[in-house]
Amino acid sequence: MSARLPLVLRRLCLPPRPPGPPRRLRVPCRASLGGDRACSSRGPGSPAPPARDPTVREVIQNSKEVLSLLQEKNPAFQPVLAIIQAGNDNSMQEINQSLAEEAGLNITYVCLPPDCGEDEIISEILKINENPTIHGLALQISEDSISSKVLNALKPEKDVDGVTDINLGKLVRGDAHECFVSPVARATIELAEKSGVTLEGKKVLVIGAPGSLQGALQCLFQRKGSMTMSSPWETPQLQTKLQEADIVVYGSPKPEAIPLSWIQPGSTVLNCCPDFLSGKLSGGPSRAHHSGLIAEGEVQLLAAALRIQNMVSCGRRWLREQQHRRWKLHCLKLRPLSPVPSDIEISRGQTPKAVDVLAKEIGLLADEIEIYGKSKAKVRLSLLERLKDQADGKYVLVAGITPTPLGEGKSTVTVGLVQALTAHLRVNSFACLRQPSQGPTFGVKGGAAGGGYAQVIPMEEFNLHLTGDIHAITAANNLLAAAIDTRILHESTQTDKALYNRLVPLVNGVRKFSEIQLARLKKLGISKTDASTLTEEEVSKFARLNIDPSTITWQRVLDTNDRFLRKITIGQASTEKGCSRQAQFDIAVASEIMAVLALTDSLADMKERLGRMVVASDKNGQPVTAEDLGVTGALTVLMKDAIKPNLMQTLEGTPVFVHAGPFANIAHGNSSVLADKIALKLVGEEGFVVTEAGFGADIGMEKFFNIKCRASGLVPNVVVLVATVRALKMHGGGPSVTAGVPLKKEYTEENIQLVADGCCNLQKQIQIAQLFGVPVVVALNVFKTDTRAEIDLVCELAKRAGAFDAVPCYHWSAGGKGSVDLARAVRDAANKRSRFQFLYDVQLPIVEKIRTIAQAVYGAKDIEISPEAQSKIDRYTQQGFGNLPICMAKTHLSLSHQPEKKGVPRDFILPISDVRASIGAGFIYPLVGTMSTMPGLPTRPCFYDIDLDTETEQVQGLF
C-alpha cells in the first residue's frame, strides 16, 4: 500500500485540461426537505444525480482509490463528513450525497432553523469538533451568519473548506500541503485553466467574495502569476475596475443595477457566487458577455468533488495521527542546584505544562480527557477502543531489594528512567505509579512522588487527594459494610412477609423487582418475574440472606493510620437491638475495592468484579456477595470516575499515569492494569511503559507477575531492580535503620565489607526475577555518601549474579540526565527475548501455591497453617475459589515474616495466621504472622512538619 499511495496522491493534482468550448453542467433542482436538527439527504421525487464532468469524475475516482488504500490497512476506518446547514435550502444535498457515496465516505447533516443565531451554530460546531467519529466539518449557512467567531470555532484539522484563520494563514505563507484549501477557490482556478485562459500576467478582479474565499482566491491566482484585485459590489470605482480586468470572479450574486456592459469584451467571467461554504447553487442563470466564459454550475459541482477529496485527506491525516509516532513533546528544562533543595522546593521551582497541552502532545484527543485544575486530568477508557489496533510498547517493571524503613527510591528510579528515555534519548515513555495513601503521607514514609530532580509534579497534588479516587473507594467500601450489618438487623427483626414487602414495595399498586433483584432470583433458580406470584418458600429464600456474623470478612476502611481501629465493637446503640459484634477497620488502600480497581480492564468488568466480592458466608456455608446485597450498581456509580487513570507529568514534562494504590505488603502492590494498557498504546511499538511494584521483588514483583500479569495478559520485557548501598550495608550486618533517627557512621563512611556481605540480598532478588524468565537490570540508586569502590563492587557482584547489566544512577541530583546509562541498559535488555513464565499453576491446591511462594521466593523451609486459616482454606475450596492466585500479606522489611531478619534468612517456617478471599479482585489473601491491615502512627508522625501558609495557601513541610 505504501508504494501505491504516493502515486495516487500525485494523480490528485490534476493537470490543466486542453482548451475547449465552455460547458454547462446539468444540476438538480432544489428539493425542500423539512426538519430541525436532522436532515435527509434524499427524499421522494429527488432529482437524479447530475451528469459528471470528466474532471469531477477523475477527482472522485482518485479519492475513492486513496480511501480504498487506506481501508486496506484499516478495515474499520470510515470517514464521515458533517455538514451544518442553517435553513431549508437542500439544493446541494443530493450532489454531496451522490459524490460521497461514489467515493465511499459518509455524510451526516445537522439542520438548524433559518433564524438560528451565532451561538447556536457555534454550539453545534463545538459538538462536532469533539466527536471522534466525525473527521470533517463544512458549513452551509447564510452570509449573514458568517463571522470570524463562527468560522474559527471549527477545528482546523476538520475544516475541509479551509475557512479558519489557521488554514488560510498556512496557505498564504506557502504551506498548502499542510492545510485545507477552499474547494471553491481551487475549482475556480481549475475551470479557468480548463477554459484555455492563460493566468500568467492577467488582471483578476474578485468581486463581493466573503473574506476567507477572497483570501484563498487571491493567493491561488497570485501563485499562477496573476495580478489580483478585490472589491465589494458597492464601490464607486467598480466600472473602472471591471473594464481593466481580464478575469472577473463573482463571489456573491451580481446586483441587477450592475450592467454586464461594464465588463470589457473578451474577458473571462467565473461565477462562484453560490454560498462559498456549502456550494449551493445561485438563483437565476448568468448571461455570457461577448466571448467570455461563465461557469455557473461547474464551479459548484467541482468544488463539491474537491471537498470530498479534502475529506479523504482529512481522514488520512486522522489515521496518521492514530498511528505510532515519536511524540512532539516539549520537555521542560532542569537546572539542578547543589546542594539539592528539598523535594517541595524543587517541585515548586518548575512550572508544569497545562495538562491539556501534555495530553495533545502524547496523542490524546480533547474528548478523551477530563481536566482537574491545571495540571492533572482523568483519561477516558474510550481511548482503548480507538487504539485497539495499535501495537503495544515495551513493558518494564521497577522492583527493589528488601528495603530499609526509609525506602530505596523505586519511585524516584521510575521517574528518572522515563525522564532519561523521553527527555534525553527522545524515546516515547510513560511512567505508571500508584496513588499514595494519606496514611503514610501523614505517618512515617511520606509521599510517593519520587524525589530530588526525579519526581512527579505538582507533588502536593500528587500526595494529597489527587482526584479523589481513594475517597471514592472509602465511600464504596463503607456503603457495602453498612449494607451487611443493616441486612442482618432487618432480617433478625422482621417476618418473611414484612421483609419481602419492604424489599419489593408496592409502587402505584404494583410490586416490581429491580434488575439486581431479578439477577438474584435467577441465581436462586427462581424463573418468576412477577413479584406477586412467589410462593412462601420462594419469598423466604429470596428475602433472607441468613448471613453468619462470625464469617463476615468485609471490614470498614479509613485512609488514616489509626491503630485504635484495629479491633472495635459495633452495634452497641440500643437501636441496633443486640446486633453487636467485634469488627475492625483496615487502611483504605487494603480494601478489595482498591484491588478491583487496580486489576479491572473495563467499566463492565469492574461492575462484575464488584458484584462477585464475597463479604461473608450464610448459615449453610454458602458465600454471600455484594450482588446478593443488591449494592453492585451503587458501588459502580461511586467508582465510575475512579476507574479513569490520572494523567500528570514529571519535572521534565514527560507523561505519568497515577492510578490505584494498593500496598504491596497487605495487597498486591501495583498500579492499575488500565493505566498500563492505555500507556502501552500511547507510547507505540518502540516506546516504553515503566510501572512500579511496591517494596521488594519478593513481594511487589512476585504479585505483579502472578496476579497482575494473569489479569492483564501483558508480558513484561525487563525488570529494573533498585538497590542502594545503604540497604546493602544493613543486610550485611549494619546497625538498624530507623525513620527519623540519624544514620550511623557505617552508612555515611566507606565500608566495603558490609556492602559485600549485604549483596546476598541483591543476589537473592535477582534470582527471584530469574524464576519468571525476565531479564534483570540493576539500578544502583546512588547517594552522595556512596564511594566509587562501593558502587563498582555492587555493579560487579550484580552482574556476576546474573543481571543483564548493573548501572549507577544519579537522577536524584541530576534528573533524567543522571539515568541515561540506565535507560540505555533497559533499552538493550528489552531487545533480549523474554521467556516469561508464571511461578505456579493456579489449579494447584491453595496450600501448595502458598508453599511454592514461601519456598521458591522467600526461601522458607516450609509453611505452618493455623487452624483458623486451614478452616477458611477448606471453606474457600468447597465454595469453588481454590483456583485463584495467591496474594501474600507479609512484612516488606525481610524475606521472612520477621522484620528484624535481614540479608537472606534460611530454614525458617513461614506461619500463615489467617486467610481471606478477595473473589472480586480474583485472589486468595493469606496473612503471614502478625501482619496488620491497619498501620499505626509513630511517636512523631510526619504531620508535625506539615502546615499551610494562610497568606499564600502553599503547603509547607510536606517533604
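Residues numbered from 1 in each chain as written. Predicted model: local features only at pLDDT ≥ 70, side-chain atom pairs only at ≥ 80, totals over all residues. Heavy atoms only, no water.

**Observations regarding the overall build of the chain**
On a plain count of helices and strands, the chain comes out with 33 helices and 32 strands. In the chain, which comprises 959 residues, the share counted as buried stands at 58%. Put simply, of all contacts in the chain between residues at least 6 apart along the chain, 75% involve residues at least 24 apart. Accessible surface for the chain amounts to roughly 38,600 Å². Of this, 51% is attributable to carbon and sulfur atoms. (Helix = DSSP H or I, 4+ residues; strand = E, 2+ residues; numbered from the N terminus. Buried < 20%, exposed > 50% of the residue type's maximum accessible area, 1.4 Å probe, protein only. Contact = heavy atoms within 4.5 Å. Areas by Shrake-Rupley, 256 points an atom, 1.4 Å probe, with all protein chains shown as cover.)

**Digging into the sheet that holds strand β5 (residues 227-231)**
Reading across the sheet, the four strands line up as β5-β4-β6-β7 and stay open at both edges, with parallel pairing between neighbours. Two strands in the sheet have a free side with no partner beyond their single neighbour: β5 and β7 (268-271). Each adjacent strand pair in this sheet contributes to an overall mean axis angle of 20 degrees, direction not counted. For strand β4 (residues 203-207) and strand β6 (residues 247-250), the ladder comprises four bridges, and the chain directions are parallel. The residue bridging L205 from the neighbouring strand is V248, located in β6. Along the sheet, helix α8 (residues 211-223) contacts β4, β5 and β6; its crossing angle with β5, the most-contacted strand, is approximately 165 degrees. (Pairing = 2+ DSSP bridges. Axes fitted to C-alpha atoms, helices over the stretch in contact; angles between N-to-C directions.)

**Describing the pattern of salt bridges**
Taken as a whole, this structure holds 40 salt bridges when the rule is applied. One salt bridge connects K708 with D676, and the closest N-O pair in it is separated by 2.6 Å. Taken together, the residues span a long stretch of sequence, with K708 in helix α25 (residues 697-712) and D676 in helix α24 (residues 673-683) at a distance of 32 residues. Take K708: its relative accessible area is 0%, and that puts it in the buried class. (Salt bridge = Lys/Arg side-chain N within 4 Å of Asp/Glu carboxyl O.)

**Describing the packing of aromatic side chains**
Tallying each qualifying case throughout the model produces 12 aromatic pairs. Measuring from ring centre to ring centre gives 6.1 Å for W327 and F430, while their planes differ by 85 degrees; the resulting arrangement is edge-to-face. Linking W327 in the loop between α10 (298-322) and α11 (343-348) with F430 in strand β11 (residues 429-433), this pair joins segments that are 103 residues apart in sequence. Residues W327 and F430 agree in their burial class; the two are buried. A ring pair is formed by Y500 and F513, whose centres lie 6.5 Å apart and whose planes are at 70 degrees; its orientation type is edge-to-face. Taken together, the residues span a long stretch of sequence, with Y500 in helix α18 (residues 496-503) and F513 in the loop between β15 (510-511) and α19 (515-523) at a distance of 13 residues. By the burial criterion, Y500 is buried, and F513 matches it. Taking the ring centre of F180 as reference, the NZ or CZ of R317 above it sits at 4.3 Å. (Phe/Tyr/Trp six-rings, centres within 6.5 Å; stacked < 30°, edge-to-face > 60°. Lys NZ or Arg CZ within 6 Å of the ring centre and 35° of its normal.)

**Concerning unusual backbone geometry**
The omega torsion across S338 and P339 is 0 degrees, close enough to zero to call that bond cis. In this structure, P339 sits in the loop between α10 and α11. P458 follows I457 through a cis peptide bond whose omega is -10 degrees. Backbone geometry at N546 places phi at a positive 50 degrees, although glycine is not the residue there. Relative to the helices and strands, N546 resides in the loop between α20 (536-543) and β16 (556-558). Using a relative accessible area of 35% as the deciding quantity, one classes N546 as partly exposed. One non-glycine residue with positive phi stands out, namely A660, at about 70 degrees. Overall, the relative accessible area of 2% leaves A660 in the buried class.

**Quick look at the packing of helix α2 (residues 54-73) against helix α3 (residues 93-103)**
Between α2 and α3, the shortest axis-to-axis distance is 8 Å and the interhelical angle comes to 45 degrees. In this view, α2 runs oblique relative to α3, as classed from their interaxial angle. Contacts from V56, I60, S63, K64 and L67 in α2 reach L99, E102 and A103 in α3. (Parallel < 35°, antiparallel > 145°, perpendicular 65-115°, else oblique.)

**Some thoughts on a positive patch on the surface**
A cluster of basic side chains, namely R326, K333, R335 and R426, defines a positive patch on the protein surface. Here R335 lies in the loop between α10 and α11. Taking the relative accessible area as the measure of exposure, R335 reaches 68% and is therefore exposed. (Patch = residues over 30% accessible without salt bridge, like charges linked within 9 Å, V, L, I, M, F, W, Y side chains within 5 Å. Lys, Arg positive; Asp, Glu negative; His and termini not counted. Charge placed at Lys NZ, Arg CZ, Asp CG, Glu CD.)

**Some words on the confidence of the model for the chain**
Taken residue by residue, the chain gives an average pLDDT of 86. The fraction at 70 or more is 88%. Below a pLDDT of 50 lies the segment residues 1-51, which in the model reaches 107 contacts outside its immediate sequence neighbourhood of four places, other chains included. Here residues 275-296 is modelled with pLDDT under 50, and outside its nearest four sequence neighbours on either side it reaches 73 contacts, counting other chains as well. (pLDDT = per-residue confidence, 0-100.)

**Quick notes on the packing of helix α14 (residues 410-424) against helix α31 (residues 820-830)**
α31 packs onto α14 with a crossing angle of 85 degrees between their chain directions and a minimal axis gap of 8 Å. What the angle tells us is that α14 and α31 run roughly perpendicular. Together, V413, L417, A420, L421 and H424 of α14 and V820, L822, A823 and V826 of α31 make up the contact between the two elements. Per-class residue counts for the contact of α14 with α31 are eight nonpolar, one polar and no charged. (Nonpolar A, V, L, I, M, F, W, Y, C, P; charged D, E, K, R; others polar.)

**Quick word on the side chain of T188**
Tracing the chain through its elements places T188 in helix α7 (residues 183-194). Every residue in contact with T188, bar those within four places of it in the chain, is listed here: L217, F221, V249, L270, C272 and V299.

**Side note on the sheet that holds strand β3 (residues 136-140)**
Taken in spatial order, the three strands make up an open sheet running β2-β1-β3, and their pairing is parallel. Lying at the two open borders of the sheet, with one neighbouring strand each, are β2 (106-112) and β3. Pairs of neighbouring strands in the sheet enclose a mean axial angle of 20 degrees, with direction left out of account. The pairing of strand β1 (residues 80-86) with β2 spans seven bridges and is classified as parallel.

**Section: the environment of L205**
With respect to the helices and strands, L205 occurs in strand β4. For the pair L205 and V269, spaced 64 residues apart in sequence, the C-alpha to C-alpha distance is 9.7 Å. The residues contacting L205, other than those within four sequence positions of it, are M229, S230, S231, L238, K241, L242, A245, I247, V248 and V249.

**Quick look at the environment of G929**
Among the structural elements, G929 can be located in the loop between β30 (923-928) and β31 (947-948). For G929 and T891, which are 38 residues apart along the polypeptide, the C-alpha to C-alpha distance reads 8.8 Å. Residues contacting G929, with those up to four places away along its chain left out, are P911 and S913.

**A few points about helix α28 (residues 752-771)**
For α28, spanning 20 residues, the distance from its first C-alpha to its last is 29 Å, which sits close to the expected 28 Å at 1.5 Å a residue. Largest kink in α28: about 30 degrees, centred on G758. Taken as a whole, α28 has its buried residues at L754, V755, G758, C759, N761, L762, K764, Q765, I766, I768 and A769. One or two positions beyond α28, positive phi appears at G773, with a value near 75 degrees. (Expected span 1.5 Å × (residues − 1). Bend = angle between axes of the 7 residues up to and from the residue.)

**Some points on the environment of K523**
Relative to the helices and strands, K523 resides in helix α19. Along the backbone, K523 and D628 are 105 residues apart, and their C-alpha atoms lie at a distance of 9.2 Å. Apart from the residues within four sequence positions on either side, K523 is in contact with T625 and D628.

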